[in-house]
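# Structural overview for review
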Amino acid sequence: MQDSPGLRERKKAKTRAAIADAAYRLFEERGFQATTVADIAAGAEIAPRTFFAYFRSKEDVVYCDFDERYASLEAHLRERLGDESAIDALRGWLVGALKGAAIDEKRELVRHRLIADEPALAAHEDHVIARFEGLLREALARDLGVGPDSLRARLAAAAATATLRSLKPEKERPLDEQSALALLDEALVFLRG
């Protein structure tokens, strides 16, 4: 008897989560460089080749939720009401994301510590943030009535991206929701200008 498509997708999601959980646990215990793909696979109770069915590299595990967050922001910007600006839509999305991030504050702290300590992860983060910036640039360009490659759209998207980067937790303490929203609102006042 074959698994139904829904069951198959749930099993895949469960395996992906087990890999990410094992990776983060090992990254925190041993550090990023000292943790191998084989270690992560053993921790997740899978074969090393199975790891590569879910992630291309160890770096990708650090950003295991990127695609989901990107798709969520893309949908949020696409489905915004006609009179809602891209900045207001971004704020609404971030409020929801901050509430979700509070569920796994420990993982966020580990992620940011890893990024701060590993140049390869910092470079990978730049790539990830650039994709968010491109998405924001297109939405902001529509609001401004200009092309996505215009200077105004690029500057506004760069400022919005700087806002996203500012919402990182402090070294050993997560950025609480109230502080993050205050910081966000301060930055958005600038962006709305």
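Residues numbered from 1 in each chain as written. Predicted model: local features only at pLDDT ≥ 70, side-chain atom pairs only at ≥ 80, totals over all residues. Heavy atoms only, no water.

As a further point, take the overall build of the protein. On a plain count of helices and strands, the protein comes out with ten helices and zero strands. Scanning the protein from its N terminus toward the C terminus, one meets helices and strands in the order α-α-α-α-α-α-α-α-α-α. Expressed as a percentage of the 193 residues in the protein, the buried residues total 39%. Of the contacts made within the protein by residues no fewer than 6 positions apart, 65% connect residues no fewer than 24 positions apart. When the accessible surface of the protein is summed, it comes to about 11100 Å², and 54% of that surface belongs to carbon and sulfur atoms. (Helix = DSSP H or I, 4+ residues; strand = E, 2+ residues; numbered from the N terminus. Buried < 20%, exposed > 50% of the residue type's maximum accessible area, 1.4 Å probe, protein only. Contact = heavy atoms within 4.5 Å. Areas by Shrake-Rupley, 256 points an atom, 1.4 Å probe, with all protein chains shown as cover.)

Below, the discussion takes up the packing of aromatic side chains. What describes a pair of aromatic rings is the distance from one ring centre to the other and the angle between the planes of the rings. This model, assessed by the stated rule, comprises eight aromatic pairs. Ring centres 6.2 Å apart and planes at 65° place the aromatic pair Tyr24 and Phe27 in the edge-to-face group. One end of the pair, Tyr24, and the other, Phe27, are both in helix α1 (residues 5-30), three residues apart, so they sit about a helical turn from each other. With a centroid separation of 5.7 Å and an interplanar angle of 40°, the aromatic rings of Phe66 and Tyr70 are classed as tilted. (Phe/Tyr/Trp six-rings, centres within 6.5 Å; stacked < 30°, edge-to-face > 60°.)

In this section: the packing of helix α5 (residues 66-78) against helix α8 (residues 119-144). For the pair α5 and α8, the least separation of the axes is 11 Å and the interaxial angle reads 5°. Put simply, α5 runs roughly parallel to α8. Facing α5, whose interface residues are Phe66, Asp67, Arg69, Tyr70, Leu73, Glu74 and Leu77, α8 presents Val128, Arg131, Phe132, Leu135, Leu136, Ala139 and Arg142. In terms of residue class, the contact of α5 with α8 is built from nine nonpolar, no polar and five charged. (Axes fitted to C-alpha atoms, helices over the stretch in contact; angles between N-to-C directions. Parallel < 35°, antiparallel > 145°, perpendicular 65-115°, else oblique. Nonpolar A, V, L, I, M, F, W, Y, C, P; charged D, E, K, R; others polar.)

Attention now goes to the pattern of salt bridges. One pass over the structure, following the stated rule, counts ten salt bridges. The salt bridge partner of Arg30 is Asp39, with a shortest N-O separation of 2.9 Å. On the basis of relative accessibility, which here comes to 43%, the residue Arg30 falls in the partly exposed class. Given a relative accessible area of 23%, Asp39 falls into the partly exposed group. The shortest N-O distance in the salt bridge between Glu108 and Arg69 comes to 3.2 Å. (Salt bridge = Lys/Arg side-chain N within 4 Å of Asp/Glu carboxyl O.)

A few words now on α5. Along its 13 residues, α5 runs 18 Å from first to last C-alpha, staying within 8% of the 18 Å computed at 1.5 Å per residue. Regarding α5, the residues found buried are Phe66, Tyr70, Leu73, Ala75 and Leu77. (Expected span 1.5 Å × (residues − 1).)

Put simply, helix α7 (residues 105-117) and α8 touch, their axes get as near as 5 Å, and they point 110° apart. When the axis of α7 is compared with that of α8, the two are roughly perpendicular. Residue-level inspection shows Leu114, Ile115 and Asp117 of α7 in contact with α8, the latter providing Pro119, Leu121, Ala122 and Glu125. Counted by class, the contact of α7 with α8 contains five nonpolar, no polar and two charged residues.

Once that is clear, we can look at the environment of Gly134. The topology assignment puts Gly134 in helix α8. Judged by its relative accessible area of 15%, Gly134 falls in the buried class.

Following the sequence through the fold, Asp185 ends up in helix α10 (residues 177-192). Measuring from C-alpha to C-alpha, the distance between Asp185 and Thr163 comes to 9.5 Å, with 22 residues separating the pair along the chain.

Here we come to the confidence of the model for the protein. Summary statistics for the protein give a mean pLDDT of 85 and a share of 87% for residues scoring 70 or more. Ranking the elements of the protein by mean pLDDT puts α10 last with 72 and helix α2 (residues 37-44) first with 97. (pLDDT = per-residue confidence, 0-100.)

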